[in-house]
Amino acid sequence: MIGVNLIAVIGMGSIAARHRRNIKALFPVAKVAALPSSGRSVDITSTSDCDYVYKSIEDLCAQKPDFVIIASPSSCRLVFVSPLLANRIPFLIEKPLASTVSEAREIEQACLANAYDTPTAVAYCLRHLESADFLKSQIESKAFGDIYSVTIEVGQYLPDWRPGQDYRNSVSANAVLGGGALNELSHELDYAQWLFGPLHLEYASVRNTGALDVDVEDVVDMSLHTQLGINVNIHLDFLQKKPVRKCVIIAERGRVEWDLIVDKIHLDHGDRVEYLYDSKGADRNSMYMIMLQRFHQKILGGKEQGSFCTPTQAMQVVEIINLAKSRKA
């Protein structure tokens, strides 16, 4: 795209590699830079889709990138926020916003106090599925009538997440890096608030079953409600061998099911099933690409498409996570 010269990605994990690859595809003329969040020395020849590797956030800011993606572990993101804001460099920060409420609040406050209104957003990618846009429009237009309750479930077997890598060494499996089912699968908390309104936690069961030999929670069950009195039940786990990711809405006009794996939505009226949305096998990477395109448009000041998670909304997710963890079984 015209006018983009340099985009940087902070972090060296799998999500950072995905972002670099997508940047190369979307902005073929732009250079891509990497910054290891740990400060370790990295050989550029072993870093995919990368033109430069910088050693410090100061070195990176001096190059005035068009925007930055902060994809470091959630336990070490705060340190990058102030330099980027001070240099008026837009950034997209990976979810969750931080691994603690205090750090999340510091990031939120820094963004709110930003005197130069530098564009920022949190990368909850499920918001950028076309099916998510469709479902939100249906809810806002009252297409389903009154909503009575919502059940959200996601289960994915952690050892299968990153083939070729020992899952026990991953960010997801290590508490010190901000891992665990609550942080890694916080997409569900984000989109629940986005679709149905602010959530209030009533009950949480947060457990480490011992099945995976990790030091983080691997199964979570939560009961919440919205300001409108909608009951929202959320299940997260690292254990299911067959992946599941769905949202079921019990509403006045029937049972709505959004299956995020096959990316379809249907409404069961009882006597018939109405098929509302089908992505027809769209590439799952497309939501990441759409997110980057939308963020670029946000920077340019054009009409913003979709709906990004704000630092304040992301901080509220971290607050729910922290409250749930305080009730860990």
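Residues numbered from 1 in each chain as written. Predicted model: local features only at pLDDT ≥ 70, side-chain atom pairs only at ≥ 80, totals over all residues. Heavy atoms only, no water.

### Quick notes on the sheet that holds strand S5 (residues 91–94)
Consideration 1: Overall, parallel pairing links the 6 strands, which are arranged S3-S2-S1-S4-S5-S6 in an open sheet. Sheet topology places strand S3 (52–53) and strand S6 (120–123) at the edges, where each strand pairs with a single neighbour.
Consideration 2: The sheet contact formed by S5 and S6 spans 4 bridges and is parallel. Of the residues in S6, the one forming a bridge with Phe91 is Thr120. (Pairing = 2+ DSSP bridges. Helix = DSSP H or I, 4+ residues; strand = E, 2+ residues; numbered from the N terminus.)

### A short note on the packing of helix H3 (residues 78–86) against helix H4 (residues 101–112)
Consideration 1: At a minimum axis separation of 10 Å, H3 and H4 run at an interaxial angle of 5°. As far as their axial angle goes, H4 and H3 are roughly parallel. Residues Leu78, Val81 and Leu85 of H3 form the contact with H4, whose own contacting residues are Glu103, Glu106, Ile107, Ala110 and Cys111.
Consideration 2: The class makeup of the residues in the contact of H3 with H4 is 6 nonpolar, no polar and 2 charged. (Axes fitted to C-alpha atoms, helices over the stretch in contact; angles between N-to-C directions. Parallel < 35°, antiparallel > 145°, perpendicular 65-115°, else oblique. Contact = heavy atoms within 4.5 Å. Nonpolar A, V, L, I, M, F, W, Y, C, P; charged D, E, K, R; others polar.)

### Notes on the pattern of salt bridges
Consideration 1: Considering all chains together, one arrives at 13 salt bridges under this definition.
Consideration 2: The salt bridge partner of Arg162 is Glu184, with a shortest N-O separation of 3.8 Å. Placement of Arg162 in the loop between strand S7 (147–155) and helix H6 (181–184) and of Glu184 in helix H6 is noted, with a sequence separation of 22 residues between them.
Consideration 3: With relative accessibility at 11%, the residue Glu184 sits in the buried group. (Salt bridge = Lys/Arg side-chain N within 4 Å of Asp/Glu carboxyl O. Buried < 20%, exposed > 50% of the residue type's maximum accessible area, 1.4 Å probe, protein only.)

This is a description of form; function is not addressed.
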